[in-house]
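Next come the chains, spelled out residue by residue.
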Amino acid sequence: MGPELVFISLFVCTTAMVFGIRYMSNKEKMAMIERGIDPGIARSRQSAPTPFLSLKFGLLMVGLGLGILTALFCVLQAGIDDEEAVAVYFGSIFIFGGLGLIVSYVVEKKWLDQHNN
């Protein structure tokens, strides 16, 4: 009875979350209408352009890949058992993924500084 209960509760929680989000969104729009604000204006604003989005995701993926490879080599060389290897994998993934995002920030900032002058 265990796995069935997990799937049923997952379905119920997901459905409740979707309906809850829709309900709160509707309440927000109704409050905007009551205050005389057009609710379509809030959604139609354009966000800031992201010309470096592909660079950011590319460097993030490279960082994640390097983190996984580094963790694999560390686990194999040190002979760490599976339970402790999980921490090495997650730590390496987050460290190298973060380094990839930092490199992306540095490249983007350098380019923007050169083109703003």
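- Per an unreviewed UniProt entry, the recorded name for the chain is DUF6249 domain-containing protein, and the organism is Pedobacter panaciterrae.

Looking at the overall build of the chain
Then comes step 1: Looking only at helices and strands, one finds four helices and zero strands in the chain.
Then comes step 2: Each helix and strand of the chain, placed in order from N terminus to C terminus, yields the pattern α-α-α-α.
Then comes step 3: For 117 residues, the compact-globule formula gives about 13 Å, and the C-alpha radius of gyration of the chain, at 23 Å, lies well above that figure.
Then comes step 4: Counting only C-alpha atoms, the chain reaches 65 × 65 × 15 Å along its principal axes.
Then comes step 5: Long-range pairs, those at least 24 residues apart, make up 55% of the contacts in the chain between residues at least 6 apart in sequence.
Then comes step 6: Once the 9 positive and 10 negative side-chain charges of the chain are each reduced to a mean point, those two points are 18 Å apart.

Here's the deal with a nonpolar patch on the surface
Then comes step 1: On the surface, a nonpolar cluster with roughly 520 Å² of combined accessible area is contributed by I95, L99, I102, Y105 and V106.
Then comes step 2: With respect to the helices and strands, the residue V106 is situated in helix α4 (residues 82-116).

Here's the deal with the UniProt feature "transmembrane region" (unreviewed entry) in the chain
Then comes step 1: Per the UniProt annotation, the sites labelled "transmembrane region" (unreviewed entry) are residues 6-25, 53-80 and 86-107.
Then comes step 2: Span residues 6-25 is 100% helix and 0% strand, its end C-alpha atoms 28 Å apart.
Then comes step 3: For the annotated span residues 86-107, helix accounts for 100% and strand for 0% of the residues, and the straight-line distance between the end C-alpha atoms is 32 Å.

Comments concerning helix α1 (residues 2-34)
Then comes step 1: Look at α1: 48 Å from first C-alpha to last across 33 residues, which is about the 48 Å you get at 1.5 Å a residue.
Then comes step 2: One or two positions beyond α1, positive phi appears at G36, with a value near 85 degrees.

Side note on the packing of aromatic side chains
Then comes step 1: Per the counting criterion, the structure on display carries two aromatic pairs.
Then comes step 2: With 5.2 Å between their ring centres and 75 degrees between their planes, F52 and W111 make a pair best called edge-to-face. Residue F52 is located in the loop between α2 (39-44) and α3 (53-78), and its partner W111 is located in helix α4; the two are separated by 59 residues in the primary sequence.
Then comes step 3: Between F90 and F94 the ring centres are 6.4 Å apart and the planes differ by 20 degrees, which places this aromatic pair in the stacked class. Of this pair, F90 and F94 both sit in helix α4, four residues apart, roughly one helical turn.
Then comes step 4: For F90, a relative accessible area of 47% puts it in the partly exposed group.
Then comes step 5: Under the relative-accessibility criterion, F94 is labelled exposed at 63%.

Concerning the pattern of salt bridges
Then comes step 1: Throughout the structure, instances matching the rule amount to one salt bridge.
Then comes step 2: Across the salt bridge formed by D113 and K109, the nearest N and O atoms sit 3.6 Å from each other. Placement of the pair is D113 and K109 together in helix α4, with a separation of four residues, close to one helical turn.
Then comes step 3: Relative accessible area serves as the criterion here: at 37%, D113 is assigned to the partly exposed category.

Rules behind the numbers
- Residue positions are counted from 1 within each chain, in the order its sequence is given.
- Predicted model: local features are reported for residues with pLDDT of at least 70 only, side-chain atom pairs are reported and counted for 80 or more only, and whole-chain, interface and lining totals are derived from all residues.
- Where side-chain values are given, they derive from all heavy atoms of the structure, hydrogens and water being excluded.
- Secondary structure counts use DSSP, requiring at least four H or I residues in a row for a helix and at least two E residues in a row for a strand, with both numbered from the N terminus.
- Here the globule rule reads 2.2 Å times residues to the power 0.38, and the radius of gyration is calculated from C-alpha atoms.
- Should any heavy atoms of two residues lie within 4.5 Å, those residues are counted as being in contact.
- We score Asp and Glu as negative and Lys and Arg as positive, and we do not count His or the chain ends.
- A charged residue contributes its charge at one atom only: NZ of Lys, CZ of Arg, CG of Asp or CD of Glu.
- Exposure above 30% relative accessible area and the absence of a salt bridge qualify a residue for a patch, where like charges join within 9 Å and nonpolar side chains (Val, Leu, Ile, Met, Phe, Trp, Tyr) within 5 Å.
- To measure how exposed things are, a 1.4 Å probe is used in the Shrake-Rupley method; for residues, cover is taken only from the protein chains shown.
- Salt bridge, as applied in this entry: a Lys or Arg side-chain nitrogen positioned within 4 Å of an Asp or Glu carboxyl oxygen.
- UniProt positions are given in the numbering used here, feature names are shortened, and annotations may be inferred rather than shown by experiment.
- Take the residue count of a helix, subtract one, and multiply by 1.5 Å to get its expected span.
- Between rings of Phe, Tyr and Trp, where Trp is taken as its six-membered ring, a pair exists when centres lie within 6.5 Å; planes separated by under 30 degrees are stacked, by over 60 edge-to-face, and by other angles tilted.
- A simple rule labels every residue: compare its accessible area, found with a 1.4 Å probe on the protein chains alone, to the largest value its type can have, and call it buried under 20%, exposed over 50%, or partly exposed in between.

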